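Single-letter residue listing:
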Protein chains: 2
Amino acid sequence: MSHLISPDPTGGRPVVPGNGRLRPLGLAEVQITGGFWGRRQAVNAEATIGHIEHWIEREGWIGNFDAAREGRLLGERRGREFSDSEIYKLMEAMSWEIGRHPNADLELRLKALVDRVAPVQLQDGYLNTRFGRVGQGGRYTDLEWGHELYCYGHLIQAAVARARTHGDDLLISVARRAADHICDTFGPQGIQSVCGHAEVEMALVELARLTGEQRYLEQAALFVERRGTGVLADIEFGRSYFQDDIPFRQATVLRGHAVRAVYLASGAVDVAVETGDRELMDSAVLQWENTLARRTYLTGGMGSHHQDEAFGDDFVLPPDRAYSESCAGVGSVMLSWRLLLASGEARYADLIERTLFNVVATSPSFEGTSFYYTNSLHQRRPGLPARVDEASARAAASMRAPWFEVSCCPPNVARTFASLAGYLATSDDDGVQVHQYADSQVRTTLPDGRAIAFDTYTRYPEDGAITIRIVGDESRPWTLTLRVPSWAEGATLTESGLTRPVRAGTVSVTRTFGLGDEIRLRLPVTPRFTLPDPRIDAVRDCVAVESGPLVLCAESVDLPDGTELDQVRVDVSRSPVVGSGAVERPAALAGAIGSGGMQAHPVASVTARLIELDPDQVWPYESGTGAGLGDTTGEVPATEVAIPLIPYHAWANRGPAAMRVWLPRARPLSSQISGTASAAGPMGD
Amino acid sequence: MSHLISPDPTGGRPVVPGNGRLRPLGLAEVQITGGFWGRRQAVNAEATIGHIEHWIEREGWIGNFDAAREGRLLGERRGREFSDSEIYKLMEAMSWEIGRHPNADLELRLKALVDRVAPVQLQDGYLNTRFGRVGQGGRYTDLEWGHELYCYGHLIQAAVARARTHGDDLLISVARRAADHICDTFGPQGIQSVCGHAEVEMALVELARLTGEQRYLEQAALFVERRGTGVLADIEFGRSYFQDDIPFRQATVLRGHAVRAVYLASGAVDVAVETGDRELMDSAVLQWENTLARRTYLTGGMGSHHQDEAFGDDFVLPPDRAYSESCAGVGSVMLSWRLLLASGEARYADLIERTLFNVVATSPSFEGTSFYYTNSLHQRRPGLPARVDEASARAAASMRAPWFEVSCCPPNVARTFASLAGYLATSDDDGVQVHQYADSQVRTTLPDGRAIAFDTYTRYPEDGAITIRIVGDESRPWTLTLRVPSWAEGATLTESGLTRPVRAGTVSVTRTFGLGDEIRLRLPVTPRFTLPDPRIDAVRDCVAVESGPLVLCAESVDLPDGTELDQVRVDVSRSPVVGSGAVERPAALAGAIGSGGMQAHPVASVTARLIELDPDQVWPYESGTGAGLGDTTGEVPATEVAIPLIPYHAWANRGPAAMRVWLPRARPLSSQISGTASAAGPMGD
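Please read all numbers here as calculations on a predicted model, not as lab measurements.

Conventions and cut-offs
- Residues numbered from 1 in each chain as written.
- Chains lettered and ligands numbered in written order.
- Predicted model: local features only at pLDDT ≥ 70, side-chain atom pairs only at ≥ 80, totals over all residues.
- Heavy atoms only, no water.
- Helix = DSSP H or I, 4+ residues; strand = E, 2+ residues; numbered from the N terminus.
- Buried < 20%, exposed > 50% of the residue type's maximum accessible area, 1.4 Å probe, protein only.
- Areas by Shrake-Rupley, 256 points an atom, 1.4 Å probe, with all protein chains shown as cover.
- Lys, Arg positive; Asp, Glu negative; His and termini not counted.
- Charge placed at Lys NZ, Arg CZ, Asp CG, Glu CD.
- Salt bridge = Lys/Arg side-chain N within 4 Å of Asp/Glu carboxyl O.
- Polar contact = N/O pair within 3.5 Å; in protein donor to acceptor, adjacent residues only side chain to side chain.
- Contact = heavy atoms within 4.5 Å.
- Least-squares fit on C-alpha atoms with pLDDT ≥ 70 in both.
- Phe/Tyr/Trp six-rings, centres within 6.5 Å; stacked < 30°, edge-to-face > 60°.
- Lys NZ or Arg CZ within 6 Å of the ring centre and 35° of its normal.
- Pairing = 2+ DSSP bridges.
- Axes fitted to C-alpha atoms, helices over the stretch in contact; angles between N-to-C directions.
- Buried area = accessible area lost by both parts, 1.4 Å probe.
- Nonpolar A, V, L, I, M, F, W, Y, C, P; charged D, E, K, R; others polar.
- Expected span 1.5 Å × (residues − 1).
- Parallel < 35°, antiparallel > 145°, perpendicular 65-115°, else oblique.
- Left-handed = near helix turned anticlockwise from the far one by under 90°.

Student: So what about the overall build of chain A? Which residues, and what values?
Tutor: When helices and strands are tallied, chain A shows 13 helices and 24 strands. For chain A, with 685 residues in total, the buried portion stands at 67%. For chain A, the computed accessible surface area is about 22,700 Å², with 51% contributed by carbon and sulfur atoms. Side chains of chain A give 66 positive and 87 negative charges; the mean places of these two sets differ by 2 Å.

Below, the structure is given as structure tokens:
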């Protein structure tokens, strides 16, 4: 029954919709050649993937498969119920990495992992180290928390990546048997429920796309439809935690556990695309829109509850208790990418860019061997360094940690970086669309045979100048479409010697391009102030600074001696100025070798005044009545300091530090009343 | 060995230190006769205690004892591992209630409960329905989460309440056997560990005070010393969760799980008082001071994390995600009361007052049959009403719920209200100190035989006039000391026909008082604005309104039609004005009968302008540069509305509503620039 699967001639793509506005390009068609993302990909290949291999061995998570094979799993199994999935995500990262850049050693390591996993699969396709054996929990007896289908989802995604970049092998047959088992077990006549953690939906659709097996698509659609009808048990956090509170097509906003929510929405979009289910697609778009308008951090981060790793209510976006899980960032990119392919709308690429630069790139250290699980926008006190030799409790570290008891983020970041070129550009019948800017090359052929070849040169995001140079000699005209980010007020396009302003959205050039022709897009990355909506209570009267796609932050290590971050009040009447340093300069220091040449440098600075903080205050509230109340906030009018700002993603790479994205604003000098407040008495009159 | 314990001639007191600055008065010496707390006590007696009895039966938590007695517990046990403690807290509430006001029916109900519990105690004193039987977890095998010693603590506190209000009975002998068992098991040669939830420490000290048995005190001291040395396992939240991170005497601030923290500190103070351990006491005082200065809500509430019910870092006090658990409020009162007795310092009574009016009184509904577990200072959207017939998940309800899966708060509030008179006044060798103001009577005798008798008349906190009328004819002089709350700027004292200003702290009058003499304290309860410390990021640029000891709030049901709470911007140049209604007026409506005549009425109002909120915004951040940035916040200068404010504790008694304690401030009109912000473009220039 199983026919041989050939590698994808495009070089492999994470998502291959059967229809939609745009066709994704594969890893053989678009490659990152350097710059910001090139450095990240290099560190990912050279450090992160090996680091993850080390830790899954060390923690015994891959050892669970050996123990299962040898019949000694009972009592010896290690890790949480979903630890199998981390091996699968690593396999996916390895598959993309090999697809991006052939690597015989990595090929052997991947094969070795598959050889340890495959024998654990049972005759009927069931594969899990945590359930199903005598003395373990029974199969599918704990759908709320057991993660069995979630693990299959990652297994299947790994297999799809492998098949597209390499062609058929053992991993694909394991995944197909697992998928058949899922359909047998959870089909129309099977268990009428879903997994507590969405994930398998999009995996099944992709496997259907790969194999042509409609049954997988039908099963994914069933899972999407069932969820939301209370098929899972109620739990302390409520059924919204796993989106089982409202059917997907009736929901209007993402809610509950953020990773679950974005994974489910991604799967729903996949189903909608393949089945032509307009209502389902419309619901996904509406949920995306409302989430963006009311439940998303400036960084693109999603999730504001530590308790349940969940979305908060509308406008509940505290910077200091931001959860903004790295994996929710990865999932948000997956969701927006699917919506971009379906619709062609630049807003989705805008969010992908914001999330990649400010969430996904924030998780790993420059060295690629420690990670943020959550991505707080405000660190009050310099934290303790994470131990380099010890797994951290989930999300607990104030510094990046090498590994976590729940360690979904490192391999999730790794698979994203390894496949990142696949998110840069697309094509349609008329030409190519560039969505993300990086030193890169595009080589593709349109359906009618027009051959497109161009290279992109840029120091983006440090600099907003992007040059696209045509390196092919296609004689027929075609259309080059470039995204103009929503923040890029004043952008210009230069082509054929003419420079013209371009508006946010996309700009297209249709003509016959000659070899060596250059199209230049200039995006102003001048640092700019950004204000929050007044409903975001947690950052009222604060300002952030952005530069191009980068959210900036103040880190305490850059402050003058004796100054605390809490004292800083930004003078918004003085525009931020460009800082001295490049975003990530090649490191001259030997110590920075392992970090791919990345360093944290100020890219902008703002002018601030300082306030005095009372170290001896006994009660942090002060009463008074009448006019002038609180105009005396202890601000010291004489002080004026420049506060350097670095890219948020680069913070905590220079040791423990306090950090703020949102900085309180200074009061206008005109309205100030001299003198500081009395600690004892009422204020004003 | 057990000698008969006589009832406390004072009528019973929750805490009876062996030494200290002040001697507490018992329930026979001070009684609440009406007013705010009189109504609360009446509802507690008439509704709450019976409500709790109903639910512990219904949930099977008392039934666990029957099942244990009948050997059918295994497989039938219901409730969480600490459910036994709720029965004990109820017994304590009943004991105080009977001591406050003899009640033959309640006496029978208490006796019936004791008769169901006592037979479950094993020969060696062990008593717990969750551990120790074949098929259950072994005794003390899960000290981190098992709560066995915590349950004993509540058992012992119930027994102490019973002994002091009634004298020896079965409950006391059960508790003594349990205490002996604890000492045998956890003594110097026993298990070198502590309970994950502090509580037994203060119970053991009180039992030592009651019985004279020093061994109990020594055991309590051992528990205090052991904790903080890593005797418990590390957990996801870290050992600070159960204060096992730092020895108590080295700690400088309360941290971790808030209820655990305040219970532990209370026990440490008890130990320090009895052993004369100055260092231990100093540490408790320092922790209290730093917690008050940096980790306490305006309401007195403690705990700002939902995740682990814990204190946050300094100044992390988000109103919308406030945890401020009712039980942490109860525990904070217990801690401050101990420190007040030891030191005589009014600051402790200040915090007790703030916490009683704004946390403990907030938990129960007016009817006394539904409760807040957490006490949020900001409800964004009207919540769903809690089901009256169903236990809520812990802390999940946005409205008060009748019961919780973890239902510590209802009986904790009940025992506090039943014993509340015991927290009003104290005596020393020279006279009597009044710490809390309520319609009440004091009848006590000083050590040298001077007989003190006075009544207090007041409509406090609705009105700040307090009249103390001497109703005895003691011929020798004595000293009457009255607390002047820290907020009472402009307070006056009138006695012997003279009125004089008095400062925050205490004011004393020493003389011979004649029958019918009146001393009048006038505390200005004029509503006042209160500003937060600039380090409390979550309420930057906001203002609260307080009136006397009451924190006020705006509730959406009082807003003009079509106005949302998010639109309100308070004009702080206009002082708040006294509102139309009394705090809690006797209800004319039949429907309010069951609520002891309590109703929510505005006590003040502020002048506000409204801002426009953009319902169609696609991204809640907006960029711009330069002067004038963000002075255009969509404020509508023409609008001016009066926003009624009710006492915070009275909120959510009129159906689901949005609510805010902290209200954003309007910008000064002089600095406003007309026009609203463009949603698309940059702001300013």
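Student: Let's hear about the pattern of salt bridges: which residues, and what values?
Tutor: A full pass over the atoms with the stated rule returns 132 salt bridges over all chains. Among the ionic pairs, Glu70 of chain A bridges to Arg72 of chain A, the shortest N-O distance being 2.7 Å. A relative accessible area of 49% places Glu70 of chain A in the partly exposed class. Assessed through its relative accessible area of 34%, Arg72 of chain A is described here as partly exposed. Note that Glu225 of chain B is salt-bridged to Arg249 of chain B, the shortest N-O span being 2.6 Å. Of the two residues, Glu225 of chain B sits in helix α8 (residues 214–226) while Arg249 of chain B sits in the loop between α8 and α9 (258–275), which places them 24 residues apart along the sequence. Beyond isolated ion pairs, a larger network of salt bridges with shared partners links Asp320, Arg380, Arg381, Glu564, Asp566 and Arg660 of chain A together with Asp537 and Arg540 of chain B.

Student: Go over the side chain of Thr185 of chain A, please, and point to the residues and values.
Tutor: Residue and element names in this part refer to chain A. Of note, Thr185 is situated in helix α6 (residues 170–186). Within the structure, Thr185 has its side chain in polar contact with the backbone oxygen of His181 (distance 2.6 Å). Setting aside residues no more than four positions away along its own chain, Thr185 makes contact with Tyr140, Gly190 and Ile191.

Student: Mind laying out the relation of the copies chain A and chain B, listing which residues take part and the relevant values?
Tutor: For the pair chain A and chain B, the superposition axis carries a translation of 0.1 Å, the fit reaches an RMSD of 0.0 Å, and the rotation angle comes to 180 degrees. What we have between these two chains is a two-fold relation. Among all residues of chain A, the minimum C-alpha distance to the rotation axis is found for Gln307 of chain A, at 1.9 Å. A symmetric contact is evident, with 100% of the interface residues of chain A recurring at the interface of chain B.

Student: Now, about the packing of aromatic side chains: what can you tell me, with residues and values included?
Tutor: Residues and elements named next belong to chain A. A complete count under the given rule lists 52 aromatic pairs over all chains for this structure. An angle of 85 degrees between the planes, with centres 6.4 Å apart, marks the rings of Tyr126 and Tyr152 as edge-to-face. One end of the pair, Tyr126, is in the loop between α4 (104–117) and α5 (148–166); the other, Tyr152, is in helix α5, and 26 residues separate them in sequence. The exposure class of Tyr126 is buried, given its relative accessible area of 2%. Under the relative-accessibility criterion, Tyr152 is labelled buried at 1%. An aromatic cluster of three or more residues is present, and its members are Phe36, Trp37, Phe357, Phe417, Tyr437 and Tyr460. Taking the ring centre of Phe131 as reference, the NZ or CZ of Arg130 above it sits at 4.8 Å.

Student: Residues and numbers for the sheet that holds strand β6 (residues 440–445) of chain B, please.
Tutor: Residue and element names in this part refer to chain B. Read from one edge of the open sheet, seven strands run β2-β6-β7-β8-β13-β10-β11, paired in antiparallel fashion. On the outer flanks of this sheet lie β2 (30–32) and β11 (498–501), each paired with one strand and no other. On average, each strand axis in the sheet is inclined to that of its neighbour by 15 degrees, with strand direction left out of account. Inspection of the sheet shows strand β10 (residues 492–495) paired to β11 by four bridges, in the antiparallel sense. Bridge pairing links Thr492 to Pro501 in β11.

Student: Which residues make up the environment of Asp566 of chain A, and what values do they have?
Tutor: Along the chain, Asp566 of chain A falls in the loop between β16 (550–555) and β17 (568–570). Relative accessible area serves as the criterion here: at 10%, Asp566 of chain A is assigned to the buried category. Remark: the alpha-carbon pair of Asp566 of chain A and Thr275 of chain A, spanning 291 residues in sequence, is separated by 54 Å. Filtering out sequence-adjacent residues up to four positions away, Asp566 of chain A remains in contact with Arg381, Ile611, Leu613 and Arg660 of chain A together with Arg535 of chain B.

Student: Which residues make up the interface of chain A and chain B, and what are the values?
Tutor: Taken residue by residue, the interface counts 70 residues in chain A and 70 residues in chain B. Across the chain A to chain B interface the summed buried area is about 6,000 Å²; carbon plus sulfur atoms make up 51%. If you sort the residues of chain A by the area they bury against chain B, Arg535, Trp619 and Tyr621 of chain A come out on top, with a joint share of 12%. Our count for the chain A to chain B interface comes out at six salt bridges. For the salt bridge of Asp537 of chain A with Arg380 of chain B, the shortest nitrogen-to-oxygen distance reads 3.0 Å. Where chain A meets chain B, there are 24 residue pairs in polar contact (both at pLDDT 80 or more). For the side of chain A that touches chain B, the secondary structure elements donating two or more residues are α10 (278–294), β14 (528–532), β15 (542–547) and β20 (621–625) of chain A. When its residues are assigned to classes, the side of chain A that touches chain B shows 31 nonpolar, 14 polar and 25 charged.

Student: Can you lay out unusual backbone geometry for me, pointing to particular residues and giving the numbers?
Tutor: The omega angle of the peptide bond from Tyr460 of chain A to Pro461 of chain A is 5 degrees, so this bond is cis rather than trans. Even without a glycine there, the phi angle at Phe315 of chain A is positive, about 70 degrees. Residue placement: Phe315 of chain A occurs in the loop between α10 and α11 (326–343). For His147 of chain B, which is not glycine, the phi torsion reads 65 degrees and is therefore positive.

Student: Please provide a residue-by-residue account of the pairing of strand β6 (residues 440–445) of chain A, values included.
Tutor: Residue and element names in this part refer to chain A. Every second residue of β6 is oriented toward a common face, the buried set being Ser440, Val442 and Thr444 and the non-buried set Gln441, Arg443 and Thr445. Judged from the three bridges that link them, strand β2 (residues 30–32) and β6 form a sheet pairing that is antiparallel. In the strand pairing of β6, Ile32 is matched with Ser440. In terms of strand pairing, β6 meets strand β7 (residues 451–458) through six bridges, oriented antiparallel. Along β7, the bridge assignment pairs Val442 with Phe454. Turn length for the β6-β7 hairpin, with the two strands adjacent in sequence and antiparallel, is five residues, and the turn residue Gly449 shows positive phi of about 100 degrees.

Student: Residues and numbers for helix α3 (residues 83–100) of chain B, please.
Tutor: Under the 1.5 Å per step criterion, the end-to-end length of α3 of chain B is 26 Å for 18 residues, consistent within 8% with the ideal 26 Å. Among the 18 residues of α3 of chain B, 17 are classified as buried, and the element is accordingly described as predominantly covered.

Student: Before we move on, can you summarise the packing of α10 of chain A against α11 of chain A with the specific residues and values?
Tutor: All names here are of chain A. Look at α10 against α11: their axes get within 11 Å of each other, and the N-to-C directions meet at 125 degrees. Between α10 and α11, the interaxial angle falls into the category oblique. Note that α10 runs across α11; the crossing there is left-handed. Of the residues in α11, those in contact with Met281, Val285 and Trp288 of α10 are Leu335, Ser336, Leu339 and Ala342. For the contact of α10 with α11, the per-class residue count stands at six nonpolar, one polar and no charged.

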